[in-house]
Amino acid sequence: MNADPLASIYRPLEYLAFGRALERCRIKLLEAAPGRKRVLIIGEGDGRFLSWLLACTTHAKVDVVDSSQRMLDLAKSKIQPRDMARVRLLRQDVLRELPEATYDTIVTNFFLDCLTEQEVNQFVPAVSRLLEPGGVWLVGDFHLPERGLRRFHAQVWLTVMYRFFAMTTGLRARRIPDYVALMKGVGLTVERERYWRAGMITAQVWRRPTAPSVASFRS
Ligand SMILES: C[S@@+](CC[C@H](N)C(=O)[O-])C[C@H]1O[C@@H](n2cnc3c(N)ncnc32)[C@H](O)[C@@H]1O
């Protein structure tokens, strides 16, 4: 996927299609932000989430990884000068290369839906290894409800969106991959989740359990 052609119109397009629903989802996830120390944001996009995160975590060091230089430029333009020193902006394809560090927080907002099943099978286990025990993985994303009118409504929107992104960015994914099963498979548990827009937008807080203590091994 090459998001460069869409970078400058990404926000107006989003507002046109969904109003403030995606923003409400991202803002909800910020409730988990206070106290975080080392954050990795994958596929940040235009920097809106980054700027809010920096405002509510005054000491966190934040790595931002995105494959689009234009998205990274937009993100950089939203960083206050006082916060510059605690942010690293990395232009990388996370399917080929991940930062060599561990984090207490990982964020993927409307990113997992950009991956094919095959890509997500590789991505989730690889990224989960960067998450420290007790850490959280914040997921904002589209969601396909199980049945009924809500499913039909989401299916129509998702079909239109996947076609649009395929044409404009070369996106290869055609449907939301089953990241939930994979995240459970690597030992993460959903702590909180919330839905908007008839169930087609979700915010989820996943947690990696803390390592069992020595005491619990003895008992
Ligand atoms: C749909 S946009 C989501 C942007 C933003 N996080 C949001 O909440 O709207 C996906 C973002 O992920 C980036 N991206 C897509 N594939 C990537 C990859 N393999 N490695 C790194 N970044 C990638 C794109 O450049 C884009 O900025």
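Higher on the page you've got the structure.
A brief report on the enclosed structure follows. (Residues numbered from 1 in each chain as written. Predicted model: local features only at pLDDT ≥ 70, side-chain atom pairs only at ≥ 80, totals over all residues.)

Turning next to the sheet that holds strand S5 (residues 131-142). Note: strands within a sheet are paired through backbone hydrogen bonds, in either parallel or antiparallel orientation. Spatially, 7 strands are ordered S3-S2-S1-S4-S5-S7-S6 in an open sheet, and the strand pairing comes out mixed. Each end of this open sheet is capped by a strand with a single partner; those strands are strand S3 (87-91) and strand S6 (189-196). The average undirected angle you get between the axes of adjacent strands in this sheet is 15 degrees. Helix-sheet contacts for helix H2 (residues 21-29) involve strand S4 (103-109), S5, S6 and strand S7 (201-207), and the interaxial angle to S7 is about 15 degrees. (Pairing = 2+ DSSP bridges. Helix = DSSP H or I, 4+ residues; strand = E, 2+ residues; numbered from the N terminus. Axes fitted to C-alpha atoms, helices over the stretch in contact; angles between N-to-C directions. Contact = placed C-beta atoms within 7 Å.)

This paragraph deals with the environment of Val65. Summarising the element assignment, Val65 is placed in strand S2 (residues 61-66). For Val65, a count of 21 C-beta atoms within 10 Å translates into the label buried. For the pair Val65 and Gln80, spaced 15 residues apart in the sequence, the C-alpha separation amounts to 18 Å. Apart from the residues lying within four places of it in its own chain, the contact partners of Val65 are Leu40, Ile42, Leu90, Gln92, Val94 and Pro99. (Buried ≥ 20, exposed ≤ 12 C-beta atoms within 10 Å, placed from the backbone.)

In this section: the pairing of S3. Where S2 lies against S3, 5 bridges are found, and the strand directions are parallel. Note that in S3 the partner of Asp63 across the bridge is Arg88. In this view, the connection linking S2 to its parallel neighbour S3 by way of helix H4 (residues 69-77) has right-handed handedness. (Right-handed = clockwise from strand over helix to strand, strands pointing away.)

For the rest of this paragraph, the subject is unusual backbone geometry. Phi angles above zero are rare outside glycine, and Phe110 is one such case at about 50 degrees. Residue placement: Phe110 occurs in the loop between S4 and helix H5 (117-128). Its identity as a non-glycine residue notwithstanding, Ala198 has a phi of 55 degrees, on the positive side. Along the chain, the position of Ala198 falls in the loop between S6 and S7.

For the rest of this paragraph, the subject is the environment of Thr57. By the secondary structure assignment, Thr57 is in the loop between helix H3 (48-56) and S2. Sequence separation of Thr57 and Lys37 is 20 residues, and the distance between their C-alpha atoms is 7.9 Å. Residue contacts for Thr57: discarding those within four places in its chain leaves Ala33, Pro34 and Arg36.

Attention now goes to the environment of Tyr103. Within the secondary structure, Tyr103 is located in strand S4. Under the C-beta neighbour-count criterion, Tyr103 is labelled buried, with 24 such atoms within 10 Å. When the C-alpha atoms of Tyr103 and Leu131 are compared, they prove to be 5.2 Å apart, with 28 residues separating the residues in sequence. Not counting chain neighbours up to four residues away, the residues in contact with Tyr103 comprise Arg38, Val39, Leu40, Leu130, Leu131, Glu132 and Gly135.

Keep in mind these numbers describe shape, not what the thing actually does.
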